[in-house]
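# Coordinates in review
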Amino acid sequence: MARKRRFEIRLNGRSAQIAGALFGVAMLAALAIGCVVRNLEPRPEPPPRRFSPTPLERLDRLEGWVPSWTDEPQVVEQATKAGFTDLLFFHGTVDEQGGVKLEDAGNLERGRNLAVLRGARTWLTVTNHGKSLEGALGPGRLKAHADRLTRLLADSRCQHLDLDYESLTTAHANALPELAQLLADRLDAGTRLAFTLQPVDSVLRPQQIDAVTKLLKMPQVYTVRFMMYDYHWSGSLPGALCPIDAYRRLLDHWAPYAHKLTMCLPLYGYDWPEPPDAGVPKAKSVTINDWPKLASQPQFTAAWMKQEAELAVRYKGQWAAVPSFRATTLRVTTALDMGVPAVSYWHLGCGKLAEVANAGNRGADVPEPLAYTELESWDAWLVPFKRRVCKVVTGDGRTLDQYASDYGVSRFNMNRYNEHISGSTLGQEVFIPK
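A brief structural summary. Predicted model, so just to flag it, every value in this text is computed and none were measured. Residue numbers here run from 1 along each chain, matching the order of that chain's written sequence. In keeping with the model being predicted, local features are shown solely for residues with a pLDDT of at least 70 and side-chain atom pairs are shown and tallied solely at 80 or more, while totals for entire chains, interfaces and linings include all residues. Think of the side-chain values as coming from all heavy atoms in the structure, minus any hydrogens and water.

### Comments concerning the pattern of salt bridges
The term salt bridge refers to a pairing of a side-chain nitrogen on Lys or Arg with a carboxyl oxygen on Asp or Glu at a separation within 4 Å. A complete count under the given rule lists 21 salt bridges for this structure. Two residues, Arg121 and Asp86, come together in a salt bridge whose shortest N-O distance is 3.0 Å. Within this pair, whereas Arg121 is found in strand E6 (residues 121–127), its partner Asp86 is found in strand E4 (residues 86–94), the two being separated by 35 residues in sequence. Each member of the pair, Arg121 as well as Asp86, carries the same accessibility label: buried. The salt bridge partner of Glu419 is Arg416, with a shortest N-O separation of 2.5 Å. Strands here mean DSSP runs of E at least two residues long; helices mean DSSP runs of H or I at least four residues long; both are numbered from the N terminus. Burial here depends on accessible area, computed with a 1.4 Å probe over protein chains only, as a share of the maximum for the residue type. Under 20% is buried, over 50% is exposed, and the range in between is partly exposed.

### Observations concerning the sheet that holds strand E13 (residues 301–305)
The sheet built from 6 strands is open, its strands ordered E12-E11-E15-E14-E13-E17 with mixed pairing. Edge strands, defined here as strands with exactly one partner in the open sheet, are strand E12 (284–287) and strand E17 (373–375). When strand polarity is set aside, the average angle formed by the axes of neighbouring strands in this sheet is 30°. Relative to E17, E13 is paired through 3 bridges, and the arrangement is parallel. From the neighbouring strand, Ala303 faces E17, where its bridge partner is Thr373. A pair of strands is treated as paired once DSSP finds two or more bridges between them. What counts as an axis is a line fitted to C-alpha atoms, over the stretch in contact for a helix, and the angles between N-to-C directions run from 0 to 180 degrees.

### Some details on unusual backbone geometry
Trans peptide bonds make up the majority, and among non-glycine residues the majority have a negative phi. With an omega dihedral of -15°, the bond running from Trp346 to His347 counts as a cis peptide bond. For His347, the position within the fold is in the loop between strand E16 (342–346) and helix H12 (353–359). Positive phi outside glycine occurs at Asp104, with the angle close to 50°. Assignment of secondary structure puts Asp104 in the loop between strand E5 (100–102) and helix H4 (105–117). Classification of Asp104 as partly exposed rests on a relative accessible area of 33%.

### Some remarks on empty space enclosed by the protein
The way it works is a 1 Å grid over only the protein atoms, where trapped points that fit a 1.4 Å probe form a cavity and open points with protein on both sides within 12 Å along at least five of seven lines form a pocket, and then any residue with an atom within 4 Å of a point lines it. Grid points are joined across faces, edges and corners, and a volume is the space filled by probe spheres set on the points. Within the structure shown, the criterion is met by 1 cavity of 30 Å³ or more. A volume near 110 Å³ is recorded for the largest cavity. Surrounding the largest cavity, Met228, Leu241, Cys242, Leu265, Pro266, Glu310, Val322, Pro323, Ser324, Ala327, Thr328 and Arg331 form its lining. Put simply, the parts of the chain that give the lining of the largest cavity at least two residues each are strand E10 (261–266) and helix H11 (325–337). Considering every element that reaches the lining of the largest cavity, the biggest residue donor is H11, with 3 residues. Tallied by class, the residues present in the lining of the largest cavity amount to 8 nonpolar, 2 polar and 2 charged. Any residue outside Ala, Val, Leu, Ile, Met, Phe, Trp, Tyr, Cys, Pro, Asp, Glu, Lys and Arg is labelled polar, Gly included; the first ten of those are nonpolar and the last four are charged.

### Side note on the packing of helix H6 (residues 142–156) against helix H7 (residues 170–186)
One way to put it is that H6 packs onto H7 with a least axis distance of 9 Å and a crossing angle of 50°. With respect to H7, the element H6 is oriented oblique. Handedness of the crossing formed by H6 with H7: right-handed. Listed contacts from H7 to Leu142, Lys143, His145, Ala146, Asp147, Leu149 and Thr150 of H6 are Ala175, Glu178, Leu179, Leu182, Leu183 and Arg186. Residue composition of the contact of H6 with H7, grouped by class: 7 nonpolar, 2 polar and 4 charged. Note on terminology: angles under 35 degrees are roughly parallel, angles over 145 are roughly antiparallel, angles of 65 to 115 are roughly perpendicular, and the others are oblique. Two helices crossing with the near one rotated counterclockwise from the far one by less than a right angle form a left-handed crossing, whereas a clockwise rotation gives a right-handed crossing. Any two residues whose heavy atoms approach within 4.5 Å are treated as being in contact.

### A few points about the environment of Ser410
On the secondary structure map, Ser410 appears in the loop between helix H14 (400–407) and helix H15 (411–416). By relative accessible area, Ser410 is classed as partly exposed at 38%. Separated by 23 residues in sequence, Ser410 and Pro433 place their C-alpha atoms 9.2 Å apart.

### Overview of the side chain of Glu310
By secondary structure assignment, the location of Glu310 is in strand E14 (residues 310–315). On the basis of relative accessible area, Glu310 is assigned to the buried category, the value being 4%. Ignoring sequence-local partners within four residues, the contact set of Glu310 consists of Ala240, Leu241, Cys242, Pro243, Ala303, Trp304, Met305 and Arg331.

### Some words on the nonpolar core
Ranked by size, the top nonpolar core spans 127 residues in total, and within it Phe84, Leu87, Leu137, Tyr165, Trp254, Tyr345 and Leu348 carry the most contacts. Only buried Ala, Val, Leu, Ile, Met, Phe, Trp, Tyr and Cys residues count toward a nonpolar core, and they belong to the same one when joined by side-chain atoms within 4.5 Å. The next biggest cluster of nonpolar side chains, apart from the first, holds 9 residues, and it includes Val393, Leu400, Tyr403 and Met414.

### Considering the environment of Arg61
Structurally, Arg61 can be placed in strand E3 (residues 61–67). Taking C-alpha positions, Arg61 is 4.8 Å from Ala342, a pair spaced 281 residues apart along the chain. Setting aside residues no more than four positions away along its own chain, Arg61 makes contact with Thr85, Asp86, Arg121, Arg192, Tyr222, Thr223, Thr262, Pro341, Ala342 and Val343. For the purposes of these results, a polar contact is taken to be a pair of N or O atoms within 3.5 Å, where, inside protein, one atom must be able to donate a hydrogen and its partner to accept one; residues adjacent in sequence count only when each atom of the pair is a side-chain atom. Polar side-chain contacts of Arg61 include one of 2.8 Å to the side chain of Glu63. A polar side-chain atom of Arg61 sits 2.7 Å from a polar atom in the side chain of Thr262.

### Quick word on H14
Within H14 the residues assigned to the buried category are Leu400, Tyr403 and Ala404. One side of H14 carries all its buried residues, which in axial view fall inside an arc of 100°. Contact partners of the buried residues in H14: strand E18 (390–394), H15 and strand E19 (429–433). When we speak of the arc, we mean the arc of directions from the helix axis to the C-beta atoms.

### Looking at the pairing of E14
Remember that side chains alternate between the two faces of the sheet whenever the strand is regular. Extensive coverage of E14 is indicated by the burial of 5 of its 6 residues. Taken together, the 5 bridges between E13 and E14 define a ladder with antiparallel strand orientation. The partner of Ala302 across the bridge, within E14, is Val313. What sits between E13 and E14 in their antiparallel hairpin is a turn of 4 residues, with Ala309 showing a positive phi close to 60°. Of the pairings in the sheet, the one linking E14 to strand E15 (residues 318–322) comprises 5 bridges and is antiparallel in character. Note on E15: the bridge partner recorded for Leu311 is Val322. Counting the residues between successive antiparallel strands, the hairpin from E14 to E15 contains 2 residues, one of them, Gly317, with a positive phi of roughly 75°.

The following block contains the structure:
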């Protein structure tokens, strides 16, 4: 990649021993004038493992995102102390016209400098924030987009490039392998390229399976990160962040490529007002740091939902899906059992990173900061509510869209209230919001 050239300090192991006393001074001076500093003893970088039915004992990479709206140096300090190996700076934006820019470039540079000093690998994450990618991935636009991304990575001075492209159309997903090849032709040999994508498997976005398969087969693509969260979100009914069955289904689908996967786990959740009627409430985000505040609320109760393998909370007028160490350990262990070498957390500004890192070990038993009971599933709370605010019928084979049309209900609400139906409605309990 045609990076802007800057003064570089390169020391091998022998020269580092000879000049050990002077290196700290040189390093600080280099950071102060903005040069690129290479680590004295680079962290070993094993290639991604090949798929094997033999479970892995531990993670090869422990990753997490550092967003532009956090205190980047503080987050980097906490993450590297906790043992995170790769830091993904969420500072690149691609707009609907295909233009790209760096967010909060000054704090990005300060965070990146500290990450280099602490020996962590640095990535620039570029995202479209869920907006249209036509200006970047539309017909005839890939070469220009690859050029812009190459320059943006050089400006960021991060080592590697991660493309977090959300809400992809099928056409835009199909363009990603060609974009990967164009970028590989432009990037330095040591620069890694990765894609962070919403889940793709036999149930979710199956029309994108071919494109993701091509990415995973490409030697130019280091890893594909799958976002295993937001199965329920701020604009949905309350529910699990990512049910364990959906998590396992994705791992099973991509088992032959397990060595090239990174599973992305949440350090945040959602807190919804309890729906008073058949509408869909708007939630606010909650993080691990919010646990003590939640536990102090009136009528507080917490439950481990066995079917979803997640922690949920109720208190006066509110329902919340919250992250937990137990859920984290289970998901990391499940990934290791399948031969997946890495996990990545969204996002590291949510706190308690030492405990999060510990929860990412096989057999970890990190205590939750609150007491909870166990329930079979979210249905224990949701079904009584749905029966109270909906007309309930036994499905006769009509599609949910047909039911929505026949009863004058929006398709969105009809689908939100009937997430348990993925195929035919015949013989199933159908909830029709009043």
